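# Remarks on the overall topology
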Amino acid sequence: MGLLDNIPNIWKRAYVLLCLWYALNFGVSTILQYEFETPHAFIFWNALYLFEALCVLIIAIFLYARFLFQFSIYVQVVGHILGTTVYFFLMGSLSYYLQDYVEGYVYFDHWKEHLLGLLKWEGVDFHNQYVISLAVFYIIQYFYNVQKKEQEKSELTLKNREMQLSLLKSQINPHFLFNTLNSINTLVGSSKEQARKVITQLSDIFRYALDSHGDQMVKLLHEIDFIDSYMRIQQVRFGERLRFVKNVDFTCLSVAIPPMILQPLVENSVKYGIAPKDEGGTIVLTVKRTEEGTIFFEVKDDGLGSKAKKVMDSYTGSGVGLSNTDQRLRSIFGPGSGLRIRSNENGYSVSFFIPTEVNVPSTRTHLINEELNKAV
């Protein structure tokens, strides 16, 4: 059973169908021969023996064709010409034994005469049996190879995507942790109560970052909690210069998104939009459903905007977080979900869309929305 289990089902089905086809073929031809030529019962036994031999030789043909398949097309052609010849002699000799040898025609000349007689008509059937079995093998092998290549291509694409996402996240997470540690550097020597709160928030950030390994999705609710912890630490550093407002449709809180997908956008606004601006500014996070059935995300600030380019040029590695986020979104949700960046003198905006099958109106229960979207 172990050997049979290793054989693909398509070959098993092909073998059974071929045997059934030849069983029908032998049955019809034998009945016609019995009715119109030789009304003797022994021809049914002869047909049965030939059919059994054919079923065994079909397996041999498949194995032989599989062996030749590894060589060039020229070797295969020569090999199958030889195979057709050998098959004809085997089946012809068995036919000679069943029809002539048992009747007393036991000499070489009788065998040769029988085979020469098969070349006129019956032998064509023997050649056809080999050719048909061979054709079935090559047809199945062709589609099997196509399917195998497609499967290998899909597996390679999946592995490539997993490696790409793993690389992108490995670039994002250390970048975030490094900047967070710099943000809390100003807390050294602060009050115990304030330090205790920041430590708690930082532990939440670390826990979320460590749990975000792999490509599993998270609920938007958890991502926003993570952003809240990050922004509270940043607000300790910048004080009243940094304000954070959320406009989040409560019906989107259960939407699945990639972990840490919003953090680089918020960090970009803090670092390049608000921090260099003397009077600071406000960062607004918006999440809402669209009429097209997608979820709209936007991180917008009223910082330096288009003037921030000179500031960004002074930092090494600027734009890596946004580039990685854009690639992650495109890899998971398709090219239509890439980042859309807009800037002017009044601020900077980064947005993207993700598809969703849920289509819940975002206008209901406005009072609950107002409560959820209060500023931090």
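Residues numbered from 1 in each chain as written. Predicted model: local features only at pLDDT ≥ 70, side-chain atom pairs only at ≥ 80, totals over all residues. Heavy atoms only, no water.

The next point concerns the overall build of the protein chain. If you tally the helices and strands in the protein chain, you get twelve helices and seven strands. Counting only residues that meet the buried cut, the protein chain has 39% of its 376 residues in that class. Partitioning the intrachain contacts of the protein chain with sequence separation of at least 6 by distance along the chain shows that 75% fall at a separation of at least 24. For the protein chain, the accessible surface area stands at approximately 22,200 Å², while carbon and sulfur atoms represent 61% of it. (Helix = DSSP H or I, 4+ residues; strand = E, 2+ residues; numbered from the N terminus. Buried < 20%, exposed > 50% of the residue type's maximum accessible area, 1.4 Å probe, protein only. Contact = heavy atoms within 4.5 Å. Areas by Shrake-Rupley, 256 points an atom, 1.4 Å probe, with all protein chains shown as cover.)

Further remarks concern the pairing of strand E2 (residues 242-248). The alternating pattern of E2 places Leu-242, Phe-244, Lys-246 and Val-248 on a buried face and Arg-243, Val-245 and Asn-247 on a face that is not buried. Relative to strand E4 (residues 281-289), E2 runs parallel, the two being bridged by seven bridges. Bridging from a neighbouring strand, Val-248 pairs with Val-287 of E4. (Pairing = 2+ DSSP bridges.)

To continue, consider the pairing of strand E6 (residues 340-344). Alignment of E6 against strand E7 (residues 347-355), held across five bridges, turns out to be antiparallel. Pairing of Ser-343 across the sheet is with Tyr-348, part of E7. Joining the antiparallel neighbours E6 and E7 is a turn of two residues.

Right, let's get into the sheet that holds E2. Pairing is mixed in the open sheet, where five strands are placed in the order E2-E4-E5-E7-E6. The open sheet has two edge strands with one neighbour each: E2 and E6. Mean inter-strand twist for the sheet, computed between neighbouring axes without regard to direction, equals 10°. With respect to the sheet, helix H8 (residues 220-238) is in contact with E2, E4 and strand E5 (294-301), its orientation differing from that of E2 by roughly 165°. (Axes fitted to C-alpha atoms, helices over the stretch in contact; angles between N-to-C directions.)

A word on the packing of aromatic side chains. Taken as a whole and assessed by the stated rule, the structure comprises 19 aromatic pairs. An aromatic cluster of at least three residues, connected via ring pairs, comprises Trp-11, Phe-62, Phe-69, Phe-137 and Tyr-138. (Phe/Tyr/Trp six-rings, centres within 6.5 Å; stacked < 30°, edge-to-face > 60°.)

With that settled, consider the pattern of salt bridges. On inspection of all chains with the given rule, the structure shows four salt bridges. A salt bridge links Lys-246 to Asp-228; the nearest nitrogen and oxygen atoms lie 3.1 Å apart. Placement of the pair is Lys-246 in strand E2 and Asp-228 in helix H8, with a sequence separation of 18 residues. The buried category is assigned to Lys-246, whose relative accessible area is 11%. Note on Asp-228: relative accessible area 7%, which makes it buried. (Salt bridge = Lys/Arg side-chain N within 4 Å of Asp/Glu carboxyl O.)

Looking now at unusual backbone geometry. Notably, Met-260 is not glycine yet its phi reads approximately 60°, a positive angle. Note on placement: Met-260 falls in the loop between strand E3 (256-257) and helix H9 (263-274).

Leu-220, Met-231, Leu-262, Phe-297 and Phe-352 are the most contacted members of the largest nonpolar core, which totals 40 residues. Of all the secondary-structure elements, those providing two or more residues to this core are helix H7 (192-211), H8, E2, H9, E4, E5, helix H11 (320-333) and E7. Sorting elements by how many residues they give to this core places H8 first, with eight residues. Once residues within four sequence positions are removed from consideration, Phe-297 is found in contact with Leu-220, Ile-257, Leu-262, Thr-286, Val-287, Val-350, Ser-351, Phe-352 and Ile-354. Among the nonpolar cores identified, the runner-up in size contains 28 residues, and Leu-18, Phe-51, Cys-55 and Tyr-130 belong to it. (Core = buried A, V, L, I, M, F, W, Y, C linked by side-chain atoms within 4.5 Å.)

Inspection of the secondary structure assignment puts Asp-301 in strand E5. Buried and unpaired, Asp-301 has Lys-277 as its nearest opposite-charge partner, separated by 7.4 Å. Here Ser-269 takes part through its side chain, which lies 2.9 Å from a polar atom of the side chain of Asp-301. Excluding residues that lie within four positions of it along the chain, Asp-301 makes contacts with Ser-269, Gly-273, Ile-274, Thr-282, Ile-283, Asn-346, Gly-347 and Tyr-348. (Lys, Arg positive; Asp, Glu negative; His and termini not counted. Polar contact = N/O pair within 3.5 Å; in protein donor to acceptor, adjacent residues only side chain to side chain.)

Given a rise of 1.5 Å per residue, twelve residues ought to cover 16 Å, and the 15 Å separating the end C-alpha atoms of H9 matches this to within 8%. Within H9, twelve of the twelve residues are buried, leaving the element largely enclosed by the surrounding structure. Considered for burial, the residues of H9 that qualify are Gln-263, Pro-264, Leu-265, Val-266, Glu-267, Asn-268, Ser-269, Val-270, Lys-271, Tyr-272, Gly-273 and Ile-274. (Expected span 1.5 Å × (residues − 1).)

With respect to the secondary-structure elements, Phe-137 resides in helix H6 (residues 122-183). Taking the C-alpha atoms as reference points, Phe-137 and Leu-63, separated by 74 residues in sequence, lie 9.6 Å from one another.

When pLDDT is low, close inspection of the predicted coordinates is not appropriate. Across the protein chain, the average pLDDT comes to 79, with 77% of residues at 70 or higher. In this model, residues 313-318 is a region of pLDDT below 50 whose contacts with residues beyond four sequence positions or in other chains number four contacts. Within the model, the stretch residues 358-376 combines pLDDT values under 50 with 31 contacts to residues more than four positions away or in other chains. (pLDDT = per-residue confidence, 0-100.)

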